[in-house]
Amino acid sequence: MASRAPTQADERTPPALEADDVQLRFGGIRALDGLSLRVDGGICAVVGPNGAGKSTLFNCVSGLYRPQRGAVRVNGTDVLGLPPHRISALGVGRTFQNLALFPRLSVIENVLLGAYQRHADGLVACALHLRRQRRHERRLRAEAYEVLERLELADLAEHDASGLPFSVLKRVEIARALVNGPRLLLLDEPAAGLPHGQVDELGGYISAVRRDFDVAIVLVEHHMGLVMSISDRVIVLNLGRCIAAGTADEVSADPTVIEAYLGAAR
C-alpha cells in the first residue's frame with residue numbers, strides 16, 4: 001500500500017477530528033461533560049488524570065459508545081450513530097489499551113484482519129475459495145507486507161503472534177490499524193507496559209508512521225516523556241472536559257493543568 005504524499009492544509013480543510021459539546025452519561029456519572037476539541041493533523045496527545053474521559057472519547061469516535069448530546073466529526077463527517085465498521089471505512093484506525101491480537105494466528109494474518117474491514121466480503125469469499133477473490137487476496141497480502149516492512153516487521157510475517165515480545169506485538173497492532181489506509185489513527189496508551197528504552201523506540205516508530213503514511217495521529221498516553229518528545233499538540237482533559245490545549249511546554253506550565261494533576265495548593 002503506497003503512502004499518501006503529504007498535503008498542504010488550508011482554511012478549507014476540515015479538522016481530522018472535531019468534538020462539539022459531547023456529553024455522555026453512564027447513569028448518574030458524566031463521563032464526557034460538554035467536551036469540545038479540535039485536531040487538525042500531526043501528532044496530538046490527549047492526556048489527563050485517570051477518569052478524565054480519554055478512552056471514552058476514543059470509544060465515541062470509533063462507534064463503541066453513542067453520546068446523548070453533541071457531535072463528533074472525522075474529516076468533516078459526523079460519525080455519531082454510525083456502526084464501527086462504517087466509521088472504519090471512513091478512514092479511522094484504532095489500537096486498544098489491551099492487545100487485541102489472535103495469538104494462534106501469524107503476524108500477517110493478524111494484520112490482514114485490518115484489511116478485511118475495508119472489504120466486507122473478504123472473509124466470506126476467501127473462506128469459500130472463490131476464484132475471483134484469489135487475486136484480491138494476493139493484493140491484500142502485498143499491502144499488509146508493505147506495512148510490515150515500514151514497521152520493520154516483515155521478517156516476522158509468518159511467525160505466530162504467540163511468543164513474540166510485547167514491544168513487537170504493539171507494532172503488530174499498529175500495523176493492523178494502518179493496513180486499512182486510515183486518515184485518522186487513534187492510539188490508546190501505546191506505551192503501556194513498556195520499559196523506558198522501548199518507549200523511546202516506539203516513539204520513533206510513531207513519528208515515522210506519521211511521516212510515511214501522512215496520517216493524523218491522536219494518542220491517549222500516560223507516559224509524559226513520550227508525549228513531550230513526539231507530540232505537535234497536547235490536549236488535556238479533566239472530568240470529561242477539555243481544560244487546556246497547546247504545545248507540550250504550554251500545557252505543562254498551565255496552572256489549571258497543574259491543579260488537575262496535583263490538586264490545588266493549600
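Details of the structure are given in the entry above.
Residues numbered from 1 in each chain as written. Predicted model: local features only at pLDDT ≥ 70, side-chain atom pairs only at ≥ 80, totals over all residues. Heavy atoms only, no water.

Colleague: How do you make sense of the packing of helix H6 (residues 166-178) against helix H7 (residues 196-213) when you look at a structure like this?
Modeller: Each pair of packed helices gets described by two things: the angle between the helix axes and the distance between those axes. Across the interface, H6 lies against H7 with an axial gap of 11 Å and an inter-helix angle of 15 degrees. When the axis of H6 is compared with that of H7, the two are roughly parallel. Every pair of crossing elements has a handedness; the one defined by H6 and H7 is right-handed. Residues Ser 167, Arg 171, Ile 174 and Leu 178 of H6 touch H7, and the partners they reach there are Gln 198, Leu 202, Tyr 205, Val 209 and Phe 213. Across the contact of H6 with H7, the residue classes tally to six nonpolar, two polar and one charged. (Axes fitted to C-alpha atoms, helices over the stretch in contact; angles between N-to-C directions. Helix = DSSP H or I, 4+ residues; strand = E, 2+ residues; numbered from the N terminus. Parallel < 35°, antiparallel > 145°, perpendicular 65-115°, else oblique. Left-handed = near helix turned anticlockwise from the far one by under 90°. Contact = heavy atoms within 4.5 Å. Nonpolar A, V, L, I, M, F, W, Y, C, P; charged D, E, K, R; others polar.)

Colleague: Looking at this structure, how should I read the sheet that holds strand E9 (residues 233-238)?
Modeller: Sheet strands associate in pairs through backbone hydrogen bonding, adopting either a parallel or an antiparallel arrangement. With mixed pairing, the six strands of this open sheet are ordered in space as E6-E7-E8-E3-E9-E10. Only two strands of the sheet have a single neighbouring strand rather than two, namely strand E6 (92-94) and strand E10 (241-246). Strand-to-strand, the axes of this sheet are offset by a mean angle of 20 degrees, without reference to chain direction. Here strand E3 (residues 43-47) runs beside E9; their pairing, made up of four bridges, is parallel. Each residue of the ladder has a partner; that of Val 46, found in E9, is Ile 235. (Pairing = 2+ DSSP bridges.)

Colleague: Mind showing me how you'd approach the pairing of strand E7 (residues 184-188) here?
Modeller: On a regular strand, one side chain projects to one face of the sheet and the next to the other, so that they alternate. The element E7 is extensively covered by neighbouring structure, given that five of its five residues are classed as buried. Of the two faces of E7, the one holding Leu 184, Leu 186 and Asp 188 and the one holding Leu 185 and Leu 187 are both buried throughout. Two elements, E6 and E7, share three bridges in a ladder whose sense is parallel. Looking at the pairing, Arg 94 lines up with Leu 186 of E7. (Buried < 20%, exposed > 50% of the residue type's maximum accessible area, 1.4 Å probe, protein only.)

Colleague: Help me understand the pattern of salt bridges, please; the structure alone is not making it clear to me.
Modeller: Oppositely charged side chains may form a pair once their charged atoms are brought near each other. Applying the stated criterion across every chain, the model contains 13 salt bridges. Across the pair Arg 241 and Asp 33 runs a salt bridge whose closest N-O atoms are separated by 3.4 Å. With Arg 241 in strand E10 and Asp 33 in strand E2 (residues 29-39), the pair connects residues that are 208 residues apart, well separated along the chain. Relative accessible area serves as the criterion here: at 42%, Arg 241 is assigned to the partly exposed category. When salt bridges with common partners are traced through the structure, they connect Glu 18, Asp 20 and Arg 73 into a single cluster. (Salt bridge = Lys/Arg side-chain N within 4 Å of Asp/Glu carboxyl O.)

Colleague: Which parts of the structure should I look at to understand the sheet that holds E2?
Modeller: Taken in spatial order, the four strands line up as E2-E1-E4-E5 in an open sheet, and their pairing is antiparallel. Looking at the sheet topology across the chains shown, the edges are occupied by E2 and strand E5 (77-78). Sheet topology places strand E1 (residues 17-26) next to E2; eight bridges connect them, and they run antiparallel. Its bridge partner being in E2, Leu 24 is matched across the sheet by Leu 32. Strands in contact with helix H1 (residues 54-61) are E1, E2 and strand E4 (69-74); relative to E2, the strand with the most contacts, it is inclined by about 70 degrees.

Colleague: Got a minute to help me understand helix H5 (residues 134-150) in this structure?
Modeller: Residue pairs spaced three or four apart in an α-helix point in one direction, given the helix's 3.6 residues per turn. Taking 1.5 Å as the rise per residue, H5 with 17 residues should run 24 Å; its terminal C-alpha atoms sit 25 Å apart, in good agreement. Within the span of H5, buried status applies to His 136, Glu 137, Leu 140, Glu 143, Ala 144, Val 147 and Leu 148. Burial along H5 is one-sided: seen end-on, the buried residues are contained in an arc of 140 degrees. Along H5, exposed side chains directed more than 90 degrees from the buried face belong to Arg 135, Arg 138 and Glu 149. (Expected span 1.5 Å × (residues − 1). Arc of directions from axis to C-beta.)

Colleague: Is there a simple way to explain the environment of Gly 48 in this structure?
Modeller: Following the sequence through the fold, Gly 48 ends up in the loop between E3 and H1. Overall, the relative accessible area of 2% leaves Gly 48 in the buried class. It is 8.4 Å that separates the C-alpha atoms of Gly 48 and Ile 235, two residues lying 187 residues apart in sequence. Look past the residues within four positions of Gly 48 in its chain and what remains in contact with it is Lys 54, His 222, Leu 237 and Tyr 261.

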